[in-house]
Every structure is written in structure tokens, then in C-alpha cells.
Amino acid sequence: MDVKQIEKQVIMQTYARNDLVLQKGKGTRVWDDQGNEYLDFVAGIAVCNLGHAHDIVTEAICRQAGTLLHTSNLYYTEPQVRLAQLLTQHSFADKAFFCNSGAEANEAAIKLARKYASEKYGPLKNRIISTEMSFHGRTMATLTATGQAKVKKGYDPLLEGFVRVPFNDLNAAREAMDETVCGFLVEPIQGEGGVIVPDPDYLRNLRELCDERGVLLMFDEVQTGMGRTGTLFAYQGFGVEPHIMSLAKALANGLPMGAIVAVEEVAESFGVGSHATTFGGGPLVSAAAVAVMEVLTSEGFLEGAAEMGEFLAEGLREVARSSPIIRQVRGTGMIWALDLDREAKPFVAKAQSRGVLINCVQDKTLRFTPPLIVTREEIERLIQVLQEILV
């Protein structure tokens, strides 16, 4: 089967795919249809945090697939309740709502913020602030909230009730936060924006400002959650709690799943019939996510991943010291970027030809989001390849 040729005939051409047909994966490695092996520093765009075909996750999926796949949310299921229990036990939140993707999670967060504000303050407090260079999804509401013009082109008219301010700029947030604003949606670290890490006190001061103005702080942790930044959730590393947090990507290690979690007072605004989804939190994906949570919260796991993240950072800084085309090294935990003085895409192809998968964002930035189980030796291999190509 000529997969690449048939794909052009039968699939809408919305993706600029790499010239690679992947067939299987295990741990930090994937293999193509020619039997070539690749070290994966993309991890499905920060999705496969436990790597490919993780034994515990695979066992949970197979066990659940043999018992019950779908019931809808008309009935209780144990995997969903257990997952909500784990998420609330290990976070600031009291309640969870499950959906199918990061975009849906952010849609739910926006709806919940508006619903809560309408009930508490009245219908005129309904605007959402987001930040420039953010990425929150491709539905109409999350597209409107996203701070990147390139993903909005051709979709006018966008939705009303959204305003954007510069990221990491508290004064801009203060000026925009009038009595009509109900929520501030922000990524603790901007992933698609180029792995932009804010000043240490930005998020803490933002929470204080939101409390002062009666605004809900919403953290989009679709990319930064589930251990990616060295703590289970990124907010924990910054020492500040939001009112609402959205999750997806690595939540079920590759199965499509999203969620929002929120404090009790806010969560109460989602009463019966106020929001729903047919597939959200189904038994299969919930069982996988329970397994993910149990691995991530097992003794020493996150500490080991954080240690490897520091080793990765040291290696990238070493590459930067010897390469004249690298402008900046950015990141934390297991999400890092090299900002270049030229287009980054050719270097993705060069790395792939040497058996290492990486990706690029914002034209001139290489991003590295390996599985959290990556080893020192595998990081050394990445660094060797980067030293070869970034000259």
C-alpha cells in the first residue's frame, strides 16, 4: 500500500507531514515502514509522556477493552470516577469534567468561566483575556482566544468577547481587566509560541490581580501538564494555583482525552444539562489515564524525569555555546527549545536523516519534548546529532 500517495487522494491536506510512515513504537523509539529506527524527541507533540506502548498503560487499555468500551455519561463507570479522584487528590482542584481534546477542554473552561460570572455578577461580566502568541485550540472559541494570527486566517467573523494582551506583561493585564472581564486564560509556559517561560513572579502576581478584580484565572496545561515541566502540573513549579485548569495531550498517553478541573465554588456552575459530551471520560480512555496517573505519581518517577530534564538542558546549552546560529536556549523540565537565526525546518529533516525526531515551531525554533522516560544515553545521542547539524 502506497500510504503517502493514497493519503493525498483521500485525506484533506491540512498537515505538512514529514516524509515518514511510522508503523510501531516502544519506549522512546519508533520504527518506519522500512524498518528504520528513530529516537523520538517529539513524543506525539508532548503526548506520549510515558513513551510508546508502555507496559502498564497497554495492560490497562487491553483489560478495559475486553470488558467495556462505551456507555455514555448516562451511567456511572469506575474508571472515570477513579481518574477524577486521582486528579483532584494531586492538584488544587475539587471537581473534574472530562472531554476528548485540549480544544474541548479550553472550550469547557471558557464556558465555565462565563457561566460562573453570569450567575455571580450578571451577564455583562463575560469577556475572556488571553495572551499574544498563545495557542488554545482550533474550535471557534479557542481559535479566537489563540494569540497567533496565522491560525485565524480565513475564519472571520471570530467570536465576540475576547481580548488579548502581551504574555508576561502584568501591566497590560491590569489595564485590560475591567469590570466586563470574567476570565484570564493563559499557558504557564507557551508551548506552540516557542517554549516561552514567564518571569518567576508573573503568574503569582496575575493570580493576585485576578482575585482583586473578581476574575477567574484559567491555566491551559494541555501541553505543560502531566509531568512535562518537572512537576505533575506546571503551576506547582510556579507556586501559584488557578481556579480552573485544562488538561489533554499526555493525560491518556496517546488516547484522545481532555479534562478541566476546578475549585468547588466555580465547578458548581456546571449543573445538570449545562455542559456535556458523548464520549468524554469513557471507560477505555479513563482506564488508560488512571494508569498514567499512577505511574507519574509513583515514588521517584517525577524526580527522575526532572533530573533528566536538567541533563537535557545542560546538553542544549553546550550545543548553543559551540553553534553560531543558536540565539537562545529556553525551557524547563522536559520541554525545551533552541531559537535559531534562520529557518528551523531544514534541521528537522537533517536530524531525521540521522535517526532522531524533533520538530519546529514559530519558523525558527526547534522544540524538544521527549518521553519522560528518556535516558542519559539517549539525550547524549540527541546532543551529538545537534552538534553535527547546527553548524
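For the structure itself, consult the block above.
Since the structure is predicted, the reported quantities are computational estimates derived from the model, not experimental observations.

Calculation criteria
Sequence order as written defines the numbering, with residues in each chain counted from 1. Only residues with pLDDT of at least 70 get local features here, since the model is predicted, and only at 80 or more are side-chain atom pairs given and counted; chain-wide, interface and lining totals rely on the full set of residues. Side-chain calculation: all heavy atoms of the structure are included, whereas hydrogens and water are not. Each helix corresponds to a stretch of at least 4 residues labelled H or I by DSSP, and each strand to a stretch of at least 2 residues labelled E; elements are numbered beginning at the N terminus. Values of the radius of gyration come from C-alpha atoms, whereas the globule rule sets the reference at 2.2 Å times the count of residues to the power 0.38. Burial classes: relative accessible area under 20% of the type maximum marks a residue as buried, over 50% as exposed, and values in between as partly exposed (1.4 Å probe, protein chains only). For two strands to pair, DSSP has to find at least two bridges joining them. Angular values range over 0 to 180 degrees, each being the angle between N-to-C directions of two axes fitted as lines to C-alpha atoms, with helices fitted over their stretch in contact. Handedness of a crossing is defined here by the sense of rotation of the near helix relative to the far one, left-handed for an anticlockwise turn of less than a right angle and right-handed for a clockwise turn. Contacts were defined at the residue level, with two residues in contact if any of their heavy atoms lie within 4.5 Å. Charged means Asp, Glu, Lys or Arg here, nonpolar means Ala, Val, Leu, Ile, Met, Phe, Trp, Tyr, Cys or Pro, and polar covers whatever is left, Gly included. Detection works on a 1 Å grid of protein atoms alone, calling trapped sets that fit a 1.4 Å probe cavities and calling open sets with protein on both sides within 12 Å along at least five of seven lines pockets, with lining residues defined by an atom within 4 Å of a point. Grid points are joined across faces, edges and corners, and a volume is the space filled by probe spheres set on the points. Residues enter patches when their relative accessible area tops 30% and they take part in no salt bridge; the joining distance is 9 Å for like charges and 5 Å for the nonpolar side chains Val, Leu, Ile, Met, Phe, Trp and Tyr. Each accessible area is a Shrake-Rupley result for a 1.4 Å probe, and residues are judged covered by the shown protein chains and nothing else. Salt bridge, as used here: a side-chain nitrogen of Lys or Arg that lies within 4 Å of a carboxyl oxygen of Asp or Glu.

**Q** Just to check I follow, could you spell out the overall build of the chain for this structure?
**A** A count of helical and extended segments in the chain gives 14 helices and 15 strands. What you see for the chain is a C-alpha radius of gyration of 21 Å, in line with the 21 Å of a compact globule of 391 residues. The principal-axis extent of the C-alpha atoms belonging to the chain is close to 60 × 50 × 50 Å. Counting only residues that meet the buried cut, the chain has 53% of its 391 residues in that class.

**Q** What's the story with the sheet that holds strand β15 (residues 365-368) in this structure? I'm lost.
**A** Read across the open sheet, the four strands follow the order β11-β12-β15-β14; overall the sheet is antiparallel. The outermost strands of the open sheet, each flanked by one partner alone, are β11 (326-332) and β14 (359-361). With direction set aside, neighbouring strand axes in the sheet form an average angle of 30°. Here three bridges tie β14 to β15, and the two strands are oriented antiparallel to one another. Residue N359 lies in a different strand from β15, and its bridge partner there is R367.

**Q** Explain the packing of helix α4 (residues 78-89) against helix α11 (residues 283-296) here, please?
**A** Packed helix pairs are specified by the crossing angle of their axes together with the interaxial distance, meaning the distance between the axes. Running from amino to carboxyl end, α4 crosses α11 at an angle of 35°, the nearest separation of the two axes being 8 Å. Note that α4 runs across α11; the crossing there is left-handed. Contact with α4, carried on its side by P79, Q80, R82, L83, L86 and L87, involves P283, S286, A287, A289, V290, M293 and E294 of α11 and no other residues of that element. For the contact of α4 with α11, the class distribution of residues is nine nonpolar, two polar and two charged.

**Q** Teacher, can you tell me more about the sheet that holds strand β9 (residues 244-247) here?
**A** Strands in a sheet are paired, the pairing made by backbone hydrogen bonds, and the direction either parallel or antiparallel. If you trace the seven strands from one edge of the open sheet to the other, you get β4-β10-β9-β8-β7-β5-β6, paired in mixed fashion. Every other strand in the sheet has two partners, leaving β4 (95-99) and β6 (162-165) as the edge strands with one partner each. Strand-to-strand, the axes of this sheet are offset by a mean angle of 20°, without reference to chain direction. Relative to strand β10 (residues 258-262), β4 is paired through five bridges, and the arrangement is antiparallel. Its bridge partner being in β10, K95 is matched across the sheet by A262.

**Q** Quick question: what am I supposed to make of empty space enclosed by the protein here?
**A** To locate leftover empty space, one rolls a probe as large as a water molecule over the atoms. Applying the stated criterion to the full structure yields one cavity of 30 Å³ or more. If you add up the space inside the largest cavity, you get close to 60 Å³. In this structure, the largest cavity is lined by 13 residues; those nearest its centre are T71, S72, N73, G281 and G282. Here the lining of the largest cavity is composed, by residue class, of three nonpolar, ten polar and no charged.

**Q** Explanation requested: the layout of surface pockets in the structure shown.
**A** Taken as a whole, the second largest pocket spans an internal volume of roughly 780 Å³. As for the second largest pocket, its lining consists of 28 residues, of which Q80, A96, F97, F98 and F270 are closest to the centre. Taken together, the elements giving at least two residues each to the lining of the second largest pocket come down to α4, β4, β10 and α10 (264-267). The element contributing the most residues to the lining of the second largest pocket is β4, with four residues.

**Q** What is the right way to read the pairing of strand β12 (residues 335-340) from this model?
**A** Across a regular strand the side chains alternate sides, sitting on one face of the sheet and then on the other. Within β12, six of the six residues are buried, which leaves the element mostly enclosed by the surrounding structure. Alternating positions in β12 separate into two faces, I335, A337 and D339 on one and W336, L338 and L340 on the other, with burial throughout. Here β11 pairs with β12 via six bridges, running antiparallel. From the neighbouring strand, G331 faces β12, where its bridge partner is W336. Joining the antiparallel neighbours β11 and β12 is a turn of two residues, in which G333 adopts a positive phi near 55°.

**Q** Help me understand unusual backbone geometry, please; the structure alone is not making it clear to me.
**A** For residues other than glycine, phi is negative in most cases, and the peptide bonds are mostly trans. With an omega of 0°, the peptide bond running from D156 to P157 counts as cis. Mapping P157 onto the fold places it in the loop between α6 (140-145) and β6. Non-glycine residue N168 carries a positive phi angle of around 65°. Positionally, N168 belongs in the loop between β6 and α7 (170-176). One non-glycine residue, K249, adopts positive backbone phi at about 35°. Of note, K249 is situated in the loop between β9 and β10.

**Q** Even after reading the chapter, I still don't get a nonpolar patch on the surface, so can you show me in this structure?
**A** Among the surface-exposed residues, M1, V3, I6, V10 and I11 lie close enough to one another that they form a single nonpolar patch of about 490 Å² accessible area. Within the element layout of this structure, M1 appears in the segment before α1 (3-10). Residue classification places M1 among the exposed positions, given a relative accessible area of 84%.

**Q** Would you mind showing me how to read the pairing of strand β7 (residues 181-186) here?
**A** Summarising burial for β7: six of the six residues are buried, a large majority. Pairing geometry for strand β5 (residues 127-131) and β7, over three bridges, is parallel. Bridging across to β7, I129 finds its partner in F184. Relative to strand β8 (residues 216-220), β7 is paired through four bridges, and the arrangement is parallel.

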